[in-house]
Amino acid sequence: MTAAEVSQALNLTDLKDRSWSIVASSAIKGEGLTEGLDWLMDVIKDEQLMSTVRAFSAPGKALIAGGYLVLDPAYNAYVTALSCRMHAVIESREVPAKSKITIDSPQFGKGHWVYEMKDEEFRVEQVEGDLNPFVGAAVETILKYVEPRESFNYHITIYSDAGYHTQQDTRAVKSGNGAKQFLYHLEPIGQVAKTGLGSSAGLVSVITGSLLSVFKKSSLDEIKDKIHNLAQISHCYAQKKVGSGFDVAAAIYGSIIYRRFHASVIDEYFQNPKQEKLQEIVNNQWDFKHVRCALPPGIKLLMGDISGGSETPKLVSKVLKWKNEDPNTSKLLYENLNSANMSLVNALDQLHKEYEENESNYRDNLNKFSTDSIISSNLQSLVNSLHDIRQYLKKLTNLTGADIEPELQTILLDACFTLPGCLGGVVPGAGGFDAISLLVVESKVDQILNQTMSDSRFSNVSWLNLHEEAEGILEENPADYKDLSA
Ligand SMILES: Nc1ncnc2c1ncn2[C@@H]1O[C@H](COP(=O)(O)OP(=O)(O)O)[C@@H](O)[C@H]1O
Ligand SMILES: C[C@@](O)(CCOP(=O)(O)OP(=O)(O)O)CC(=O)O
């Protein structure tokens with residue numbers, strides 16, 4: 001008898017009553033509390049998997065080190081997952097004549113898309129809504145992969161945290177239990193300014209994660225790699241190019257040291273987009289790296305929005321053109337930049353070890369950092385590595401003509417380094433005029449925020465209300481999203 005069958009047989013409708021009766025009956029039977037609790041966990045898990053409503057969320061990202069290099073599978077990148085998350089609430093509804101998937105994104109105008117399954121080939125037709133290549137690709141790919149034999153009618157509601165988009169002209173709506181709050185825009189999604197935290201990667205990841213979880217009646221852990229592979233394929237398909245995929249990998253696995261997969265994995269499918277090929281590729285173990293990481297205790301990521309804007313594809317094409325034209329210089333610069341990136345990874349790792357070995361000494365060093373120059377050698381290495389990364393990115397800027405760390409950002413980052421508790425900063429990702437990322441001593445954050453408010457050198461920076469949240473895709477409590485309709 002499964003735990004679900006037992007609870008059904010007991011016919012107890014209230015979960016709390018059932019929980020106590022299961023724990024109590026195990027204890028009476030002499031099986032002990034642990035067995036009882038294990039059983040209870042099974043009941044809860046079964047209930048979650050069988051439930052008609054489930055919810056998921058996946059994080060946005062900041063690429064702290066490894067911009068451009070991460071396009072090449074020879075190099076590692078350091079990616080931080082952020083507290084800004086994309087959410088999907090999935091519900092199974094009464095099955096209509098034709099199986100369908102409906103996606104609503106109520107925070108944006110015209111945020112409604114319906115896809116019907118067309119034939120036995122598991123092809124999909126969009127029957128309502130404007131074009132949304134990311135939503136379309138995620139739905140199409142998952143149906144092709146799953147080949148559902150039974151009729152279905154899934155309804156997904158997307159919610160995105162405030163950090164992904166401009167907060168201008170918005171209205172805040174809280175869920176019934178107060179657990180979540182989202183900002184509602186009047187304009188359609190395509191007309192709302194983005195902040196560059198990876199909304200499309202988060203979107204594709206939660207749609208893929210929620211659909212695969214319900215089709216397979218599975219918990220996330222069992223199918224996470226498959227969700228990753230499917231989300232990468234869909235994201236590349238929607239973008240019409242095979243990118244480095246660091247944003248999708250962070251949405252699935254959270255903060256990671258990332259080395260990309262070979263583009264040929266996905267190219268192979270695009271050249272032969274058959275179901276069998278898709279299944280073979282998704283089920284295979286991909287050759288890529290995603291090692292969990294997190295910033296050391298007491299060190300905080302501070303993200304500054306500059307609202308300058310920059311176009312990643314243009315910057316990338318300039319860098320790649322230069323790389324082709326000058327292979328020797330570019331190889332040397334890439335190697336130097338990579339060494340600086342790896343020094344950063346190593347310094348952060350050493351700081352974790354220092355914390356484990358002697359917490360009070362570690363905290364002491366961090367606090368001293370801003371008041372005098374006596375700091376630990378690991379903190380010094382961290383400061384040096386951030387400085388070196390900037391030197392090489394500046395060189396890349398000058399050699400390629402791409403505005404990766406433009407002069408205005410250089411002036412700003414230099415000024416940031418004078419702030420109390422600032423260990424250094426970089427232009428994240430592709431760089432440009434849109435953001436800066438600082439690593440700072442956590443206890444000095446308020447001082448930094450106060451000081452920069454009244455200093456004209458920082459007048460074009462808005463500090464984003466974000467922090468590292470190292471966890472990747474998660475199953476959430478559907479009750480936290482009730483009563484959010486606009
Ligand atoms: N909340 C959302 N609801 C529906 N679609 C979304 C949402 N967020 C992002 N998207 C889709 O992702 C696109 C933005 O993707 P992209 O240009 O890659 O930006 P980003 O750098 O934020 O990922 C939007 O035009 C839209 O198609
Ligand atoms: C240059 C890159 O290596 C990093 C770009 O990082 P961003 O964080 O700037 O990315 P977007 O959100 O796509 O603009 C290109 C890549 O890896 O795809």
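Here the residue index of a chain counts from 1 through its sequence in written order. By the order in which they are written, chains take letters starting at A while ligands take numbers starting at 1. Totals for whole chains, interfaces and linings use all residues, but because this is a predicted model, local features are given only for residues with pLDDT of at least 70 and pairs of side-chain atoms are given and counted only at 80 or more. As a rule here, side-chain values come from all non-hydrogen atoms in the structure, and water together with hydrogens is ignored.

## Re the site of ligand 1
Among the 14 residues in the neighbourhood of ligand 1, the closest are listed as Ser105, Asn132, Lys194, Ser199 and Ser200. Residues adjacent in sequence count toward polar contacts only when both atoms are side-chain atoms; beyond that, a polar contact is any pair of N or O atoms within 3.5 Å, and within protein one must be able to donate a hydrogen and the other to accept it. Within the side chain of Ser105, one N or O atom sits 2.8 Å away from a nitrogen atom of ligand 1. Side-chain polar atom of Lys194 to an oxygen atom of ligand 1: 2.7 Å apart, as the coordinates give it. Surface accessibility in these figures is a Shrake-Rupley result with a 1.4 Å probe; residues are shielded only by whichever protein chains are displayed. Relative to its unbound accessible area of 570 Å², ligand 1 is 83% covered by the protein chains. Elements that contribute at least two residues to the shell around ligand 1 include exactly β6 (153-160) and α5 (199-215). Secondary structure elements follow DSSP: runs of H or I of four or more residues count as helices, runs of E of two or more count as strands, with numbering from the N terminus. Residue contributions to the shell around ligand 1 peak at 3 residues, all from α5. We call Asp, Glu, Lys and Arg charged. Ala, Val, Leu, Ile, Met, Phe, Trp, Tyr, Cys and Pro are nonpolar, and the rest, Gly among them, are polar. Residue composition of the shell around ligand 1, grouped by class: 7 nonpolar, 6 polar and 1 charged. Residues are counted as near a molecule or strand when any one of their heavy atoms sits within 4 Å of it.

## What about the packing of aromatic side chains?
Working definition: a ring pair exists when centres of Phe, Tyr or Trp rings (six-membered ring for Trp) sit within 6.5 Å. Plane angles under 30 degrees give stacked, over 60 give edge-to-face, the rest tilted. Within the structure shown, the criterion is met by 13 aromatic pairs. Ring geometry for Tyr159 against Tyr481: centres 6.0 Å apart, planes inclined by 20 degrees, an arrangement best described as stacked. Of this pair, Tyr159 sits in strand β6 while Tyr481 sits in the segment after β15 (474-476), placing them 322 residues apart in sequence. Plain terms: the ring middles of Tyr355 and Tyr362 are 5.4 Å apart, the flat faces sit at 80 degrees to each other, and that makes the pair edge-to-face. Connected via pairs of aromatic rings, a cluster forms that spans Phe152, Tyr154 and Phe215.

## Observations concerning the site of ligand 2
Ligand 2 sits among 13 residues. The nearest are Lys61, Tyr68, Ser244, Thr312 and Ala430. Ser244 places a polar side-chain atom, nitrogen or oxygen, 2.6 Å from an oxygen atom of ligand 2. At 3.0 Å from an oxygen atom of ligand 2 is found a main-chain nitrogen or oxygen belonging to Ala430. When isolated, ligand 2 has an accessible area of 450 Å², and the protein chains bury 79% of it. Those elements that provide at least two residues to the shell around ligand 2 are β1 (53-65) and α10 (312-325). Of the residues in the shell around ligand 2, the class split is 7 nonpolar, 5 polar and 1 charged. Delimitation of the domains relies on an automatic or database domain assignment. Per-domain counts for the shell around ligand 2 show at least three residues from each of domain 2 (53-292 + 471-481) and domain 3 (299-467).

## Re the state of the cysteines
Disulfides are defined in this document as cysteine sulfur pairs within 2.5 Å. Under the counting rule described, the total for this entry stands at 0 disulfides. Cys422 provides the cysteine sulfur closest to Cys416, a residue in no disulfide bond, and the two sulfurs are 6.0 Å apart. Judged by relative accessible area, which is 1%, Cys416 ranks as buried. For every residue, the accessible area (1.4 Å probe, protein chains only) is compared with the maximum for its type, and the residue is labelled buried under 20%, exposed over 50%, or partly exposed between those bounds.

## Remarks on the sheet that holds strand β11 (residues 299-305)
With respect to topology, 4 strands assemble into an open sheet ordered β12-β13-β11-β14, the strand pairing being antiparallel. Both outer strands of the open sheet, β12 (422-426) and β14 (462-463), are each paired with one neighbouring strand and no more. Strand pairing is assigned whenever DSSP identifies at least 2 bridges connecting the two strands. As defined by bridge partners, β12 adjoins strand β13 (residues 435-441) across 4 bridges and the pair is classed as antiparallel. Each residue of the ladder has a partner; that of Gly424, found in β13, is Leu439. Across the sheet, helix α13 (residues 377-400) touches β11, β12 and β13, and the angle it forms with β12 is around 25 degrees. By definition, residues are in contact when any of their heavy atoms lie within 4.5 Å. Note on geometry: axes are lines fitted to C-alpha atoms, helical ones only across the stretch in contact, with angles between N-to-C directions running from 0 to 180 degrees.

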